[in-house]
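Analysis of the macromolecular model
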Amino acid sequence: MTTTPSPEPGTTIVRAEAVTKTFTTPDGRELPVLDAISMRVDEGEIVALLGKSGSGKSTLLRCLAGLIAPSAGTVSYRGTPLTATNPGVAMVFQSFALLPWLTVQQNVELSLQARGVAEEERRERALRAIDLIGLDGFEGAYPKELSGGMRQRVGVARALVVEPDALFMDEPFSALDVLTAENLRGEIVGLWEGHEAPVRSVLIVTHNIEEAVLLADRILVLSSNPGRIRAELTVGLPRPRDRRTAQFEALVDTVYGILTGREEAAQAAAAAAQAPAGAPRSVATPIAVPLPEVSVGGLAGLLEILVARGGEDGLAELADELSFEIDDLLPLVDAAVLLGLARTAGPRITLTEQGREFAAADILTSKQLFARHAARRAPLVRAIVQALAATEGQRLREGFFLDLLRRRYSVDEARRQLDIAVDWGRYGELFDYDADDGLLTLEPGAEAAL
Ligand SMILES: Nc1ncnc2c1ncn2[C@@H]1O[C@H](COP(=O)(O)OP(=O)(O)OP(=O)(O)O)[C@@H](O)[C@H]1O
């Protein structure tokens, strides 16, 4: 493999202009996933695409790689709009995507075979790529004989062997244990820094903030439902980067604050729910404000930890303390904010009066408090209570709510939303759910919570 000269910075390799992607669900509904995204990947840079689960990161990556076509907007490679697979891109997948019946060498050669490279050259280039990524001696091994980290090395070798203009990596380290991930990440950065990796740019999809700050020259933060570019940050830190420096931590905090900024919608919903009686209310709908996927137990746990830490903490510190990934912590934060139990300001979270009251309450009181907050502030729970209260017999089939939710959510996500609402409604004794016949029934006195 040839050593790539240090690329000229500034030339755009891949560009997206107003890329919108809408999927059609099996029952014919439109699911908007990306909304008018414009971005670029230039020569000489590593770009990280960061966002919560479901924000559309993989969908954007696949549009940029030409694996799927946008519903609107264009993707271009070196100025030419794509009409098929992007010829300048090679991909590394989270799941490694190796063929189990082929050896390491054959798996790596596969990309070259697809490009019509002659056998002898194929063999030599594959051996060089395998060597570069530290798999020397394993050419004849089958994937099942390798550890996860080694399998992903094969995935990287298979992408590098074609010497692509841009290396795209979709959560390449998230299926690996922490140490293996750290090791492979470090080696890939080393190859990049030493200009040994035969690529001119890297785009990495991740939901891990520290990973983005460790690797990227630029971080694009995606918001969810539908995915939009929420912020773009330049990471000016010298490499190799040290997680323990104040600058590194400050940047992680900043990104954390941006990601949690999604809770503005929830805060707006909470404010709308608090508007004085008779005042015009902007009604938050279950579509505009989805329920975060958390159990009441998890939420109570977060509040108790916050009480123990004096009612306030930095989100990054809290995640660290709990050894959580951001994806685990943020839904809890979303839920606490949505229910008015906590506030976020930038990278910090603070308990509200209601949050303190809830955390200190005995089980009966905590159920009553939860019922009131959920019925007033969680739009789907509120909608269910209102609909049941307005129905003769105060019961409805779940299909009624699932149909409404499917207007905007995928079938799976609609089910998930209803399951969360049922979990919350049951805890607060607002309504009951019979899984056998899919029937929701209002609990006596539940309307009082509205
Ligand atoms: N082919 C498809 N058909 C219908 N919906 C899809 C399809 N592909 C993705 N989606 C939906 O698009 C949304 C975004 O998915 P995507 O995988 O791009 O998000 P992501 O940010 O990469 O998430 P994660 O971090 O969990 O991988 C999800 O709601 C998903 O269910």
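Residues numbered from 1 in each chain as written. Predicted model: local features only at pLDDT ≥ 70, side-chain atom pairs only at ≥ 80, totals over all residues.

1. Considerations on the overall build of the protein chain
- Along the protein chain, the regular secondary structure elements total 16 helices and 16 strands.
- Relative to its length of 450 residues, the protein chain is compact, with a C-alpha radius of gyration of 25 Å against a globular reference of 22 Å.
- Counting only C-alpha atoms and orienting by the principal axes, one finds that the protein chain spans roughly 80 × 50 × 40 Å.
- Burial status across the protein chain gives 42% buried among its 450 residues.
- The contacts of the protein chain with a sequence gap of at least 6 include a subset with a gap of at least 24, amounting to 71%. (Helix = DSSP H or I, 4+ residues; strand = E, 2+ residues; numbered from the N terminus. Rg over C-alpha atoms; globule rule 2.2 N^0.38 Å. Buried ≥ 20, exposed ≤ 12 C-beta atoms within 10 Å, placed from the backbone. Contact = placed C-beta atoms within 7 Å.)

2. Focus on the packing of helix H12 (residues 353–360) against helix H13 (residues 363–377)
- In the contact formed by H12 and H13, the axes pass within 8 Å of each other and the chain directions differ by 145°. Of the two elements, H12 crosses H13, and the hand of that crossing is left-handed. Note on element contacts: H13 touches H12 through Ser366, Leu369, Phe370 and His373, opposite Gln354, Glu357 and Phe358.
- Its residues assigned to classes, the contact of H12 with H13 shows three nonpolar, three polar and one charged. (Axes fitted to C-alpha atoms, helices over the stretch in contact; angles between N-to-C directions. Left-handed = near helix turned anticlockwise from the far one by under 90°. Nonpolar A, V, L, I, M, F, W, Y, C, P; charged D, E, K, R; others polar.)

3. Quick notes on the environment of lysine 21
- Locating lysine 21 in the fold gives a position in strand S1 (residues 12–24).
- For lysine 21, a count of 23 C-beta atoms within 10 Å corresponds to the buried category.
- For the pair lysine 21 and threonine 59, spaced 38 residues apart in sequence, the C-alpha separation works out to 8.0 Å.
- The residues contacting lysine 21, other than those within four sequence positions of it, are Val33, Leu34, Thr59, Cys63, Pro70 and Ser71.

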